[in-house]
Amino acid sequence: MLATGVPAGFVQDRQVLSLADLFSALWADYAALTPQAHQIHALLEARGETVWNDHIALRTFDLTPVGMGALAAPFVAGGYAVAGHYRFAGKKLDAVHLEHPDRRWPKVFISALRVAELPVAIQDQLRALVAQVPVTTVAGWGFPVSGRPWQVSFATYEQLRAVSEYAAWVAAFGFRANHFTVDVGRLHTFDGLLQLDRFLLDQGFRLNDRGGLIKGSPALYLEQSSTLADLVPVEFSDRVAQIRSCYYEFARRYRMPSGELFQGFIADSADKIFESTDLRAGTAIG
Ligand code: NI
């Protein structure tokens, strides 16, 4: 439970109970697909750390009925509200982040691919996937952790990946946490993000170095790093293939002149972090 940023005993009413259940389900699903997250979490706890989650991230297409609003709905029902809007022109993505008034709950970052901006043949493939989604899946409380609700071939995955790595990831994995994020500001055995990164490299983990190991800066009030996504076997309709699943992220937030910790996201940093699921990412570093 601590891995989700939800303190033990923080289950006081039905609304909170359902949020706790949702985050528990998201973590269990994510950890099963992301062995390194489990390993890193255990390494940090072995140092005496309590791991708090800064945010989770979810991905989708801007197609009815699976758009950002559908993924946000269970969180909004639990008290979350949209607190920031982002646009990634190169990757053809829109995104929002949601916050809960009780800061013990992690932020939720939801992005969606602007399908109409892709080649028509790719649009048709994505619409054919979404046409397979049962309405009851989308309307349910567990939609953000429902997994892949369609059949897709490895050939289609490869065609999508040639145009949009993001589209291919959603096609292969569906609706689930793309990453969880350690709140580095709450760790007490590391001086900062660079020291944590060095620790992880020393332990043999591979980090995303697109745009540098650390994205952002104290001047932007946010620094972020991430592992490279794990390689896992995924069952497609025609074969099983090893592809990159999910990654673990690390975020250190800084105080703004107002004294408040910055709670938003930096579009340029997030743009590079998205590439942590890209098979081509990840030259040797450290
Ligand atoms: Ni993130």
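Please refer to the structure placed before this passage.
Before going into details, it helps to say that this report is about the structure given with it. Remember, it's a predicted structure, so these values are computed and weren't measured experimentally.

Definitions and limits used
- Residues numbered from 1 in each chain as written.
- Predicted model: local features only at pLDDT ≥ 70, side-chain atom pairs only at ≥ 80, totals over all residues.
- Heavy atoms only, no water.
- Helix = DSSP H or I, 4+ residues; strand = E, 2+ residues; numbered from the N terminus.
- Rg over C-alpha atoms; globule rule 2.2 N^0.38 Å.
- Buried < 20%, exposed > 50% of the residue type's maximum accessible area, 1.4 Å probe, protein only.
- Donors = N, O, S within 2.8 Å, 3.2 Å for Na, K, Ca; no water.
- Tetrahedral: all angles 85-135°; square planar, octahedral: opposite > 155°, others 65-115°.
- Pairing = 2+ DSSP bridges.
- Axes fitted to C-alpha atoms, helices over the stretch in contact; angles between N-to-C directions.
- 1 Å grid on protein atoms, 1.4 Å probe; cavity = no way out; pocket = protein on both sides within 12 Å on 5 of 7 lines; lining within 4 Å.
- Points joined across faces, edges and corners; volume = space filled by probe spheres on them.
- Nonpolar A, V, L, I, M, F, W, Y, C, P; charged D, E, K, R; others polar.
- Phe/Tyr/Trp six-rings, centres within 6.5 Å; stacked < 30°, edge-to-face > 60°.
- Parallel < 35°, antiparallel > 145°, perpendicular 65-115°, else oblique.
- Left-handed = near helix turned anticlockwise from the far one by under 90°.
- Contact = heavy atoms within 4.5 Å.

Notes on the overall build of the protein
For the protein, the helix and strand inventory stands at 9 helices and 10 strands. For the protein, whose C-alpha radius of gyration is 18 Å, the value lies close to the compact-globule estimate of 19 Å for 286 residues. Summarising its shape, the C-alpha atoms of the protein cover approximately 50 × 45 × 35 Å along the three principal directions. Within the span of the protein, comprising 286 residues, buried residues form 56% of the whole.

A look at the coordination of the nickel ion
Each protein donor to the nickel ion is listed here as H55 (NE2), H179 (NE2), E249 (OE) and E249 (OE); together their distances run 2.0 to 2.7 Å. Coordination at the nickel ion comes from 4 donor atoms whose angles at the metal span 51 to 122°, giving a geometry best classed as irregular. Along the chain, the residues donating to the nickel ion are arranged with the sequence spacing H-x123-H-x69-E. A residue pair is termed long-range when its members are at least 10 positions apart, and H179 in strand 5 (residues 179–183) and E249 in strand 10 (residues 247–253) qualify at 70 residues.

What about the sheet that holds strand 10?
Taking strand neighbours across the sheet as the criterion, the 8 strands line up as 2-3-4-1-5-10-7-6 in an open arrangement whose pairing is mixed. Edge strands, defined here as strands with exactly one partner in the open sheet, are strand 2 (81–88) and strand 6 (215–217). Each strand of the sheet is rotated relative to its neighbour by a mean of 20°, with strand direction disregarded. Two strands pair when backbone bridges link them, and strand 1 (residues 53–61) and strand 5 are joined in this way by 3 bridges, in the antiparallel orientation.

What about helix 7 (residues 165–173)?
Within helix 7, 9 of the 9 residues are buried, which leaves the element mostly enclosed by the surrounding structure. Of the residues making up helix 7, those classed as buried are E165, Y166, A167, A168, W169, V170, A171, A172 and F173.

Notes on empty space enclosed by the protein
For the structure shown, the criterion picks out 1 cavity of 30 Å³ or more. Here the largest cavity is characterised by a volume of approximately 110 Å³. Contributing to the lining of the largest cavity are 15 residues, with F109, H179, E249, A270 and I273 lying nearest its centre. Looking at the lining of the largest cavity, the elements that each hand over two or more residues are strand 1, strand 4 (107–113), strand 10 and helix 9 (267–273). If one sorts the elements of the lining of the largest cavity by residue count, strand 1 sits on top with 4 residues. The residue makeup of the lining of the largest cavity, split by class, is 8 nonpolar, 5 polar and 2 charged.

A look at the packing of aromatic side chains
In the structure shown here, the tally under the stated rule is 22 aromatic pairs. Between F143 and F175, the aromatic rings sit 4.7 Å apart at their centres with planes inclined by 45°, giving tilted as the arrangement. Here F143, found in the loop between helix 5 (135–139) and helix 6 (154–163), pairs with F175, found in the loop between helix 7 and strand 5; they are 32 residues apart in sequence, far enough to count as distant. By relative accessible area, which is 0% here, F143 ends up buried. The exposure class of F175 is buried, given its relative accessible area of 0%. Taken together, a centroid distance of 5.1 Å and an interplanar angle of 35° make the contact between W169 and F173 tilted.

Focus: the packing of helix 4 (residues 120–130) against helix 6
Interhelical geometry of helix 4 versus helix 6 gives an angle of 130° and a closest axis separation of 11 Å. In terms of orientation, helix 4 lies oblique with respect to helix 6. The hand of the helix 4/helix 6 crossing is left-handed. Between helix 4 and helix 6, the residues in contact are I122, Q125 and L126 and T156, Q159, L160 and V163, respectively. Residue classes in the contact of helix 4 with helix 6 are distributed as 4 nonpolar, 3 polar and no charged.

Quick look at unusual backbone geometry
Working note: non-glycine residues mostly have negative phi, and peptide bonds are mostly trans. Along the chain, T64 connects to P65 via a cis peptide bond; the corresponding omega equals 5°. Tracing the backbone shows P65 in the loop between strand 1 and helix 3 (68–77). Positive phi values are uncommon outside glycine, yet K92 reaches one of about 60°. Its location among the elements puts K92 in the loop between strand 2 and strand 3 (93–99). Its identity as a non-glycine residue notwithstanding, Y221 has a phi of 70°, on the positive side. In this fold, Y221 is placed in the loop between strand 6 and strand 7 (222–226).

What about the pairing of strand 5?
Consecutive side chains of a regular strand alternate in pointing toward one face of the sheet and then the other. The element strand 5 is largely enclosed, with a buried count of 5 among its 5 residues. A two-sided burial pattern is seen for strand 5, the buried positions comprising H179, T181 and D183 on one face and F180 and V182 on the other. In this structure, strand 5 lies alongside strand 10, joined through 5 bridges in parallel fashion. Across the sheet, F180 pairs through a bridge with Y248, a residue of strand 10.

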